[in-house]
Amino acid sequence: MNRAQVRQNVARNVEGRNFVVGTITSMNVNNPRCDSLAYFPNDNFNDSEFFVYAGTAIGQSRRVSDFLQLNGEVVPLSAFAPNAVAGDSFEIHPHFGWTVEQFNAAIDMAHYAVEDIYLLDKVDESLTMIVDTYEYTIPAGFRYLSKVLYKPIGATYFTEISVLEWRVIPGATKKLWLDRIYDGATLRLVGQGQATLPANDAATVQLPERYVVAKATALVLAMQPGGEISDARERMQWAAWWEQQADKEMVRMRTAVKPNSRIVESN
């Protein structure tokens, strides 16, 4: 599941039927048209956020200045650059709801909440031993390092280095110290790392779906929406319920640190 899919699931939870996704059928100069919007009345999407999450105009958000039922035409407050085209995928968030930026921020915060709880296995073979060099920068992404192995030039398999012969050196840049060197040998680092924040809508969200949707929903509900939604008490009650669902999933996804691991903070 990518970030766009997670955001859309969260939007359905909090905005219900007022949240719409679709595909642009055609363009009237700068105005996107979508046949599936033609059953909504005139002005239905006025002041909403029209966001293109896939296609030529990907990543662009525009406020809707007018909506015309005929041809399901959306009139953006300003033109897209580059312009949207038929086939682009979009989502519309109602003017009384939340913004795409708020949804994405909630997904990021859901990651931060479990960065020390949910760990993914990580293997790296990008380092090569160099004669008389005993310190090597640990590649980004490791939270813990559990094994260090090496494969000499011409060898077909890796040999584990004793845990007594390597260590992690703390500092602004985390280093791996090796007691002995085999010039030209390939290093294999084995450990665990945190889930990576999705950099864009197409990026895969590495957290379990049931957790991240529930947690992001709770976080979004705790944020102030737009327009006339002002019942904070009801929102916070719903936020508490979704937080409970996220907590249930966190118990299931807690990951044990591998034996003999050395902690490696993010570079």
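The structure contained in this document is the topic of the report that follows. What you see is a predicted model; the values in this text were computed from it and never measured. (Residues numbered from 1 in each chain as written. Predicted model: local features only at pLDDT ≥ 70, side-chain atom pairs only at ≥ 80, totals over all residues. Heavy atoms only, no water.)

## Quick look at the packing of aromatic side chains
Per the stated rule, a full pass over the model turns up 9 aromatic pairs. Ring centres 4.3 Å apart and planes at 0 degrees place the aromatic pair Y150 and Y182 in the stacked group. Taken together, the positions of Y150 in strand β10 (residues 144-151) and Y182 in the loop between β13 (175-178) and β14 (186-194) put the pair 32 residues apart, joining distant regions of the chain. The exposure class assigned to Y182 is partly exposed, which follows from its relative accessible area of 28%. Ring centres of W241 and W242 lie 5.0 Å apart, and the angle between their planes is 90 degrees; on these two criteria the pair is classed as edge-to-face. (Phe/Tyr/Trp six-rings, centres within 6.5 Å; stacked < 30°, edge-to-face > 60°. Helix = DSSP H or I, 4+ residues; strand = E, 2+ residues; numbered from the N terminus. Buried < 20%, exposed > 50% of the residue type's maximum accessible area, 1.4 Å probe, protein only.)

## Remarks on the side chain of N31
Looking at the element boundaries, N31 is found in strand β3 (residues 31-33). At 2.8 Å, the side chain of N31 and the side chain of E73 are in polar contact. (Polar contact = N/O pair within 3.5 Å; in protein donor to acceptor, adjacent residues only side chain to side chain.)

## Here we look at the pairing of β13
The side-chain alternation of β13 yields one buried face, formed by L176 and L178, and one unburied face, formed by K175 and W177. For strand β9 (residues 135-137) and β13, the ladder comprises 3 bridges, and the chain directions are antiparallel. When the bridges of β13 are listed, T137 appears paired with K175. With 4 bridges joining them, strand β12 (residues 166-169) and β13 adopt antiparallel strand pairing. Looking across to β13, one finds that R167 is bridged to W177. Hairpin connection from β12 to β13: 5 residues lie between these consecutive antiparallel strands, with G171 at a positive phi of about 150 degrees. (Pairing = 2+ DSSP bridges.)

## Some words on the sheet that holds β13
The strand order across the open sheet formed by 3 strands is β9-β13-β12, and the pairing between neighbours is antiparallel. Bordering the open sheet on either side are β9 and β12, each of which pairs with just one other strand. For this sheet the average axis-to-axis angle between neighbouring strands, irrespective of direction, equals 30 degrees. (Axes fitted to C-alpha atoms, helices over the stretch in contact; angles between N-to-C directions.)

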